[in-house]
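Remarks on the overall topology
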Amino acid sequence: DGGITQSPKYLFRKEGQNVTLSCEQNLNHDAMYWYRQDPGQGLRLIYYSQIVNDFQKGDIAEGYSVSREKKESFPLTVTSAQKNPTAFYLCASGRSQPQHFGDGTRLSIL
Amino acid sequence: KNEVEQSPQNLTAQEGEFITINCSYSVGISALHWLQQHPGGGIVSLFMLSSGKKKHGRLIATINIQEKHSSLHITASHPRDSAVYICAASRLLGADGLTFGKGTHLIIQP
């Protein structure tokens, strides 16, 4: 079955460490997105990519980085520069708009 | 003011009741999405609509473009409908995905 796979489901990070969240899709979608969700807030866009080897900053890109070397993969790195990384992270994909969502990764700081 | 506003924020109802969740938006849109998020965090797309009304099982979504308003209805509600329901707008301008409401936390009690 086609879909989006995010891993891991839960991730713990020590302060000062970079961590990378995986997002893979087998839906042949061109566009992929990363969102952050905090309690009581709507999903906010971190980065998006409309095509391989190209990506754009969203509303809250500071402290994050991405790559899009393959159509299927859009990993998100939470760098040590992100001062409040504890959140739920969702990946999405679509032809030109988000249509499918992953199950998310919950990141916590130790 | 958020571009996408949902109401109510929280809703508790008894099994069998007719449920209505409202969404108002202030931007020009190409489509309006209704999403469902279960406690584990994964999101499922329920509807995408740009006019009129759509129905899927016990779920009905309507949109009034002139009033910039959409509603999600659940008929004969059941405890398994308990989830967070999120309204999201595809903006007319920009290719950066969706603008999300904060969600409505629905609990259906048996």
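Structure's up top.
First, a word on scope: everything that follows refers to the structure included in this document. Being a predicted model, the structure only gives us computed values, none of them experimental.

Residues and elements named next belong to chain A. For the structure shown, the criterion picks out four salt bridges over all chains. A salt bridge links D38 to R36; the shortest N-O distance between them is 2.8 Å. Residue class for D38 comes out buried when judged on its relative accessible area of 10%. You can call R36 buried: its relative accessible area is 4%. Taken together, the shared-partner salt bridges in this structure form one network comprising R36, D38 and R44.

Our next topic: a nonpolar patch on the surface. Residues and elements named next belong to chain A. Taken together, the side chains of Y10, F12 and L110 make up a nonpolar region of the molecular surface, amounting to roughly 390 Å² of accessible area. Structurally, L110 is set in the segment after β11 (105-109). We classify L110 as exposed; its relative accessible area is 65%.

Now for the sheet that holds strand β1 (residues 4-7) of chain B. Residue and element names in this part refer to chain B. The sheet built from five strands is open, its strands ordered β1-β3-β8-β7-β6 with antiparallel pairing. The open sheet has two free edges, formed respectively by β1 and β6 (52-56), since each of these has just one partner strand. With strand direction ignored, the average angle separating the axes of adjacent strands in the sheet is 15°. In terms of strand pairing, strand β3 (residues 19-25) meets strand β8 (residues 69-74) through six bridges, oriented antiparallel. Bridging across to β8, S24 finds its partner in H69.

All names here are of chain A. Strand order in this open sheet of four strands is β1-β3-β8-β7, and the pairing throughout is antiparallel. Whereas interior strands pair on both sides, the edge strands pair on one side only; in this sheet they are β1 (4-7) and β7 (64-66). Neighbour-to-neighbour, the strand axes of the sheet open up by a mean angle of 20°, direction not taken into account. Judged from the four bridges that link them, β1 and strand β3 (residues 19-25) form a sheet pairing that is antiparallel.

Residue and element names in this part refer to chain A. As for its position among the elements, P8 is in the loop between β1 and β2 (10-13). Considering only alpha carbons, one finds P8 and T20, twelve residues apart in sequence, at a separation of 9.6 Å. Residues contacting P8, with those up to four places away along its chain left out, are G104 and T105.

Right, let's get into the nonpolar core. Counting 23 residues, the largest nonpolar core has I19, I29, L32, W34, F47, L72 and Y85 of chain B as its most contacted members. For this core, the secondary structure elements donating two or more residues are β3, β4 (29-37), β5 (43-49), β7 (59-64), β8, β9 (83-91) and β11 (104-109) of chain B. With 20 residues, the next largest nonpolar core counts L11, L21, V78 and L107 of chain A among its residues.

So, on to the packing of aromatic side chains. In total, this model carries six aromatic pairs over all chains according to the counting rule given. Considering the side-chain rings of Y64 of chain A and Y89 of chain A, the 5.9 Å spacing of their centres and the 65° angle between planes classify their relative orientation as edge-to-face. With Y64 of chain A in strand β7 and Y89 of chain A in strand β9 (residues 87-94), the pair connects residues that are 25 residues apart, well separated along the chain. Their ring planes at 75° and their centres at 6.5 Å tell us that F101 of chain A and F100 of chain B sit as a pair that is edge-to-face. With F101 of chain A in strand β10 (residues 100-101) and F100 of chain B in strand β10 (residues 98-100), this residue pair bridges two chains.

Residues and elements named next belong to chain B. Burial within β8 is extensive, with five of its six residues counted as buried. Summarising the sheet, β7 and β8 pair through six bridges and their orientation is antiparallel. Its bridge partner being in β8, T62 is matched across the sheet by S71. In textbook terms, the turn of a hairpin is the stretch between consecutive antiparallel strands, and for β7 and β8 this stretch comprises four residues, one of which, K68, has a positive phi near 55°.

The next subject is the side chain of H73 of chain B. Residues and elements named next belong to chain B. Among the structural elements, H73 can be located in strand β8. Reaching out from H73, the side chain makes a polar contact with the side chain of T20 at a distance of 2.9 Å. Ignoring sequence-local partners within four residues, the contact set of H73 consists of F18, I19, T20, R58, L59, I60 and T62.

Let's shift gears to the state of the cysteines. Taken as a whole and assessed by the stated rule, the structure comprises two disulfides over all chains. Here C23 of chain A connects covalently by a disulfide to C91 of chain A, the sulfurs 1.9 Å from one another. Its S-S torsion of about -75° marks the bond between C23 of chain A and C91 of chain A as left-handed, since a negative value means left-handed. Remark: C91 of chain A occurs in strand β9 and C23 of chain A occurs in strand β3; sequence separation between them is 68 residues. Here C23 of chain B pairs with C87 of chain B through a disulfide, and the sulfurs are 1.8 Å apart.

Thresholds applied
In every chain, residue numbers begin from 1 and rise along the written sequence. In the order they appear in the text, chains get letters beginning with A and ligands get numbers beginning with 1. pLDDT decides what is reported in this predicted model: residues at 70 or higher carry local features, side-chain atom pairs at 80 or more are listed and counted, and totals for whole chains, interfaces and linings draw on all residues regardless. Just so you know, side-chain values use all the structure's heavy atoms and leave hydrogens and water out. For this document, the term salt bridge refers to a Lys or Arg side-chain nitrogen within 4 Å of an Asp or Glu carboxyl oxygen. Burial classes: relative accessible area under 20% of the type maximum marks a residue as buried, over 50% as exposed, and values in between as partly exposed (1.4 Å probe, protein chains only). A residue counts toward a patch only above 30% relative accessible area and without a salt bridge, and it is joined to like-charged neighbours within 9 Å or, for Val, Leu, Ile, Met, Phe, Trp and Tyr, to nonpolar neighbours within 5 Å. Accessible areas in this description were obtained via Shrake-Rupley with a 1.4 Å probe; residue shielding takes into account the shown protein chains only. The way it works is that DSSP assigns letters per residue, a run of H or I at least four long becomes a helix, a run of E at least two long becomes a strand, and they are numbered from the N terminus. One requirement defines pairing of two strands: DSSP has to find at least two bridges between them. Lines fitted to C-alpha atoms define the axes, with helix axes restricted to the stretch in contact, and inter-axis angles between N-to-C directions lie between 0 and 180 degrees. Contact criterion: two residues are considered in contact whenever any of their non-hydrogen atoms come within 4.5 Å of each other. Take the buried residues of types Ala, Val, Leu, Ile, Met, Phe, Trp, Tyr and Cys, join any two whose side-chain atoms come within 4.5 Å, and each joined set is a nonpolar core. A pair of aromatic rings is counted whenever rings of Phe, Tyr or Trp (Trp by its six-membered ring) have centres within 6.5 Å, and the orientation is called stacked for planes under 30 degrees apart, edge-to-face for over 60 and tilted otherwise. Polar contacts, as used here, are pairs of N or O atoms within 3.5 Å; protein pairs need one atom able to donate a hydrogen and one able to accept it. Residues neighboring in sequence count only if both atoms are side-chain atoms. Note on terminology: disulfide denotes any pair of cysteine sulfur atoms within 2.5 Å.

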